[in-house]
Amino acid sequence: MKRQFQFAILFGFILTIISCGTSKSMRHQPQLAGYNNAVPIVKKHSSTFFSSGSNYLLKNKQNLWELYVEGDPLERGLIMGSLTDSLLKKQDRVFFSKINDLVPSKFRQRVLRNFLKWYNRKVYLNVPNEYQAEIYGISRYSSHEFDYLASPFLRSLYLHAAHDIGHAVQDLALVGCSSFAAWGEKSKDGSLIIGRNLDFYAGDEFAKDKMVAFINPKEGYPFMMVTWAGMIGAISGMNSEGLTVTINSGKSKIPLIAKTPVSILTREILQYAATIDEAIAIAKSRKVFVSESIMIGSARDKKAVLIEVSPNGLGVYDVPNNNQLLCSNHFQSAALKNNNRNQKQIKNSHSKYRFERMVELFDENKKINPEKAVEILRNKDGLNNLALGYGNEKALNQLLAHHGIVFKPEQRLVWVSSNPYQMGEFVCYDLNKIFKNRHSKDFIVSLEQENLNIPKDPFLETKEYKNYELYRIEDRKIDSFLKKKQDLPTNFAENYQSLNPDYWVVYYKVGLSFYQKKEYKLAQEQFEKALTKEITTLPKKEEIEKYLKKIKRKLQ
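Conventions and cut-offs
- Residues numbered from 1 in each chain as written.
- Predicted model: local features only at pLDDT ≥ 70, side-chain atom pairs only at ≥ 80, totals over all residues.
- Heavy atoms only, no water.
- Helix = DSSP H or I, 4+ residues; strand = E, 2+ residues; numbered from the N terminus.
- Buried < 20%, exposed > 50% of the residue type's maximum accessible area, 1.4 Å probe, protein only.
- Areas by Shrake-Rupley, 256 points an atom, 1.4 Å probe, with all protein chains shown as cover.
- Pairing = 2+ DSSP bridges.
- Axes fitted to C-alpha atoms, helices over the stretch in contact; angles between N-to-C directions.
- Core = buried A, V, L, I, M, F, W, Y, C linked by side-chain atoms within 4.5 Å.
- Contact = heavy atoms within 4.5 Å.
- Patch = residues over 30% accessible without salt bridge, like charges linked within 9 Å, V, L, I, M, F, W, Y side chains within 5 Å.
- Salt bridge = Lys/Arg side-chain N within 4 Å of Asp/Glu carboxyl O.
- Lys, Arg positive; Asp, Glu negative; His and termini not counted.
- Charge placed at Lys NZ, Arg CZ, Asp CG, Glu CD.
- Polar contact = N/O pair within 3.5 Å; in protein donor to acceptor, adjacent residues only side chain to side chain.
- Parallel < 35°, antiparallel > 145°, perpendicular 65-115°, else oblique.
- Nonpolar A, V, L, I, M, F, W, Y, C, P; charged D, E, K, R; others polar.
- Left-handed = near helix turned anticlockwise from the far one by under 90°.

Enquirer: Residues and numbers for the overall build of the protein chain, please.
Expert: For the protein chain, the helix and strand inventory stands at 21 helices and 17 strands. Expressed as a percentage of the 556 residues in the protein chain, the buried residues total 62%. Counting every atom, the protein chain has about 22300 Å² of accessible surface; 50% of that belongs to carbon and sulfur.

Enquirer: A description of the sheet that holds strand E12 (residues 303-310) should follow, citing residues and the corresponding values.
Expert: With mixed pairing, eleven strands are arranged side by side in an open sheet as E1-E2-E3-E4-E7-E8-E9-E10-E11-E12-E13. In this open sheet, the two strands that pair with only one neighbour each are strand E1 (43-46) and strand E13 (313-317). Averaged over all adjacent pairs, the angle separating strand axes in this sheet is 15 degrees, with direction ignored. Taken together, the three bridges between E1 and strand E2 (residues 49-52) define a ladder with antiparallel strand orientation.

Enquirer: So, the nonpolar core: which residues are in play, and what are the values?
Expert: Within the largest apolar cluster, 66 residues are counted, with the highest numbers of intra-cluster contacts made by Leu-57, Leu-67, Ile-269, Ile-296 and Ile-307. Sequence-distant contacts of Ile-296, defined by excluding residues within four places in its chain, comprise Leu-243, Thr-244, Val-245, Ile-269, Ile-276, Ala-279, Lys-303, Ala-304, Val-305 and Ile-307. Formed by 35 residues, the second largest nonpolar core is a distinct cluster that contains Tyr-465, Leu-499, Tyr-503 and Tyr-508.

Enquirer: How would you sum up the pairing of E13? Please name residues and give values.
Expert: Two elements, E12 and E13, share five bridges in a ladder whose sense is antiparallel. Residue pairing across strands places Ile-307 opposite Val-316, the latter belonging to E13. Between E12 and E13, which pair antiparallel and follow one another directly, the connecting turn spans two residues.

Enquirer: Describe a positive patch on the surface, naming the residues involved and giving the relevant values.
Expert: A grouping of Lys-518, Lys-546, Lys-549, Lys-550, Arg-553 and Lys-554 is seen on the molecular surface, where their side chains present a positively charged patch. Counting through the fold element by element, Lys-546 comes out in helix H21 (residues 538-555).

Enquirer: Give a description of helix H8 (residues 152-159) that names residues and reports values.
Expert: With eight of its eight residues buried, H8 lies for the most part within the structure. Inspection of H8 places Pro-152, Phe-153, Leu-154, Arg-155, Ser-156, Leu-157, Tyr-158 and Leu-159 among the buried residues, and these make up the whole buried set.

Enquirer: An account of the side chain of Asp-430 is needed here, citing residue identities and associated values.
Expert: Structurally, Asp-430 can be placed in strand E17 (residues 427-430). Buried charge Asp-430 goes without a salt bridge, the closest partner of opposite sign being Lys-433 at 4.6 Å. In terms of polar contacts, Asp-430 uses its side chain to reach the backbone amide nitrogen of Asn-432, at 2.9 Å. Setting aside residues up to four positions removed in sequence, Asp-430 forms contacts with Gln-411, Arg-412, Leu-413 and Gln-449.

Enquirer: Account for the environment of Glu-461, with residues named and values stated.
Expert: Here Glu-461 shows up in the loop between helix H16 (431-436) and helix H17 (463-484). Residue Glu-461 is classed as exposed on the basis of its relative accessible area of 53%. A polar contact of 2.7 Å, which involves the side chain of Glu-461, links it to the side chain of Lys-456.

Enquirer: I'd love a proper account of the packing of helix H7 (residues 129-139) against helix H11 (residues 262-272), names of residues and values included.
Expert: The geometry of H7 relative to H11 is characterised by a closest axis approach of 11 Å and an angle of 105 degrees between their N-to-C directions. Regarding the angle of H7 to H11, the classification is roughly perpendicular. Touching Glu-130, Tyr-131 and Glu-134 of H7 are Ile-264, Arg-267, Glu-268, Gln-271 and Tyr-272, all from H11. Within the contact of H7 with H11, the residues separate by chemical class into three nonpolar, one polar and four charged.

Enquirer: Kindly report on unusual backbone geometry, identifying the contributing residues and their values.
Expert: Of note, the amide linkage connecting Asn-419 to Pro-420 takes the cis form, showing an omega dihedral of 0 degrees. One non-glycine residue, Lys-302, lies in the positive phi region at around 60 degrees. Within the element layout of this structure, Lys-302 appears in the loop between strand E11 (292-298) and E12. Look at Lys-302 and you get partly exposed, because its relative accessible area is 48%. Backbone geometry at Arg-412 places phi at a positive 60 degrees, although glycine is not the residue there.

Enquirer: Before we move on, can you summarise the pattern of salt bridges with the specific residues and values?
Expert: For the coordinates displayed, the defined rule picks out 23 salt bridges. Among the salt bridges present, the one from Lys-89 reaches Asp-85, with a minimum N-O distance of 2.9 Å. In this pair, Lys-89 and Asp-85 both sit in helix H4 (residues 85-96), four residues apart, roughly one turn of the helix. Overall, the relative accessible area of 25% leaves Lys-89 in the partly exposed class. Looking at Asp-85, the relative accessible area reads 26%, which means it is partly exposed. Salt-bridge contacts for Lys-352 lead to Glu-356; the nearest nitrogen and oxygen are separated by 2.4 Å. Of this pair, Lys-352 and Glu-356 both sit in helix H14 (residues 351-364), separated by four residues, roughly a single helical turn. Given the relative accessible area of 39%, Lys-352 is considered partly exposed. Each of the salt bridges in this network shares a partner with another, and the network as a whole consists of Arg-76, Glu-130, Glu-134 and Arg-267.

Enquirer: Let's hear about the packing of helix H20 (residues 520-531) against H21: which residues, and what values?
Expert: The interhelical angle for the contact between H20 and H21, taken along N-to-C directions, is 150 degrees, at an axis separation of 10 Å. With respect to H21, the element H20 is oriented roughly antiparallel. The crossing of H20 and H21 is left-handed. Contact residues: H20 offers Tyr-520, Lys-521, Ala-523, Gln-524, Phe-527, Glu-528, Ala-530 and Leu-531, while H21 offers Lys-541, Ile-544, Glu-545, Tyr-547, Leu-548, Ile-551, Lys-554 and Leu-555. For the contact of H20 with H21, the per-class residue count stands at ten nonpolar, one polar and five charged.

Enquirer: Tell me what's going on with the sheet that holds strand E14 (residues 324-327), and back it up with residues and numbers.
Expert: Taking strand neighbours across the sheet as the criterion, the six strands line up as E14-E5-E6-E15-E16-E17 in an open arrangement whose pairing is antiparallel. This sheet does not close on itself; its edge strands, each paired only once, are E14 and E17. Direction aside, the axes of adjacent strands within the sheet are offset by 10 degrees on average. Here strand E16 (residues 413-416) runs beside E17; their pairing, made up of four bridges, is antiparallel. Note that in E17 the partner of Trp-415 across the bridge is Cys-428. Contacts from helix H15 (residues 370-377) reach strand E5 (178-182), strand E6 (193-198), strand E15 (403-408) and E16 within the one sheet, and its direction differs from that of E15 by about 155 degrees.

Below, the structure is given as structure tokens:
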């Protein structure tokens, strides 16, 4: 599933930027009149600290990049682009280096380009001009190495639909993000607390440069969000009014035309909503082209709800008689829960399993505080504390998350994880101090509240963690062996399986290798071992069972 998700995201992104839209969209430029177009002057203090006036980018000791930016849309974009210049070009290379691997055929690229010219022809009409201007400013600092695909502005614009395009075109049950909220009697101090894992994986290089952005716009509310260079859409964030947004993918049908990227919708909510009702009104005003659950937490409302959006409608899931809200990757609102695709998602994916695991952990932890929230996000076991094997998508902690995050909206506190995955130190930020008490002449240092940080996961010091990282290396090797139909080296299988013995995948892939070589008895043994483990999805379990039926016929 990790590989499928990576493929969907990168494939969708590559196809999108190759297409560039119709000739009209190719010529499109945002309206920039009235915005500050001054070229920022950047002062380089060190290789990890850059400033431009009161704006700056620095890397803290936990290796999180902290970005502070203020101004109008174009001004913000130009400052972001100038401060993150080297990171922006690196992200371009990370994405575009995959093109030859994923779409090696020049003929296929041409075919797909023509299709997506039509498919993406309306994206620019569904992104507010404010955000187009911000994206345009950033794109002025994009690499020209890839201009043969599209102009920097269009590449940057369509990057924000990468998740949506990959989601829609591949129609996958995406890697599972998990989120939860607690308040009232379920919270240790009675106030709202929210946690989530963003299980997004686009390669180790991509994950190295997480960015915590603090944006002080001329219009709307100041806000923070976790992002990466070039990305202005909101994946996880909180504004100065204590309104939070996080997103979880759902099962989606393939639409006939691209519309508003979900991350742009959530960015608009983050910047302009202070209450749940205001967030719902913004969501109703936009047309999306994939299905998504948006968890909205509100300090003013002192609770959280789910806004569930899809190409064909919108539902709101509220729990008025409860003090907790859980979300994985299926819909729960009356408007969408009985949708056939949603029911298929519940049956075939790992979404329901992770949801039930959150229920278990919430039952075990009667009062949730930030430390308990982080502990839940880092949990690697299955139902009834079953050992799933490390990296299993049925776990809340799949050992691939781009980030974990915890919010205390009423106190305006947020904790952001650091590498590796979401198991490094959770770094605390206080939005009251960052926005309300900030002055342009303040001495520039990390914005973290170090005394409130949550320590790294002790798991990082264990042999099991070291073995997991070795397993990841060996797993890439066996994928290569299988692709090339090569024999496994002597003792490879034994070592590979010993590194992650509870994970069904290590037996499945060795079984595939034996099957390719027509060593059916050995393949049978491996597939049967795989079935004794907790297999991620029903389709995968059925696939293994089909292999065993084929082997039985061949051995007769």
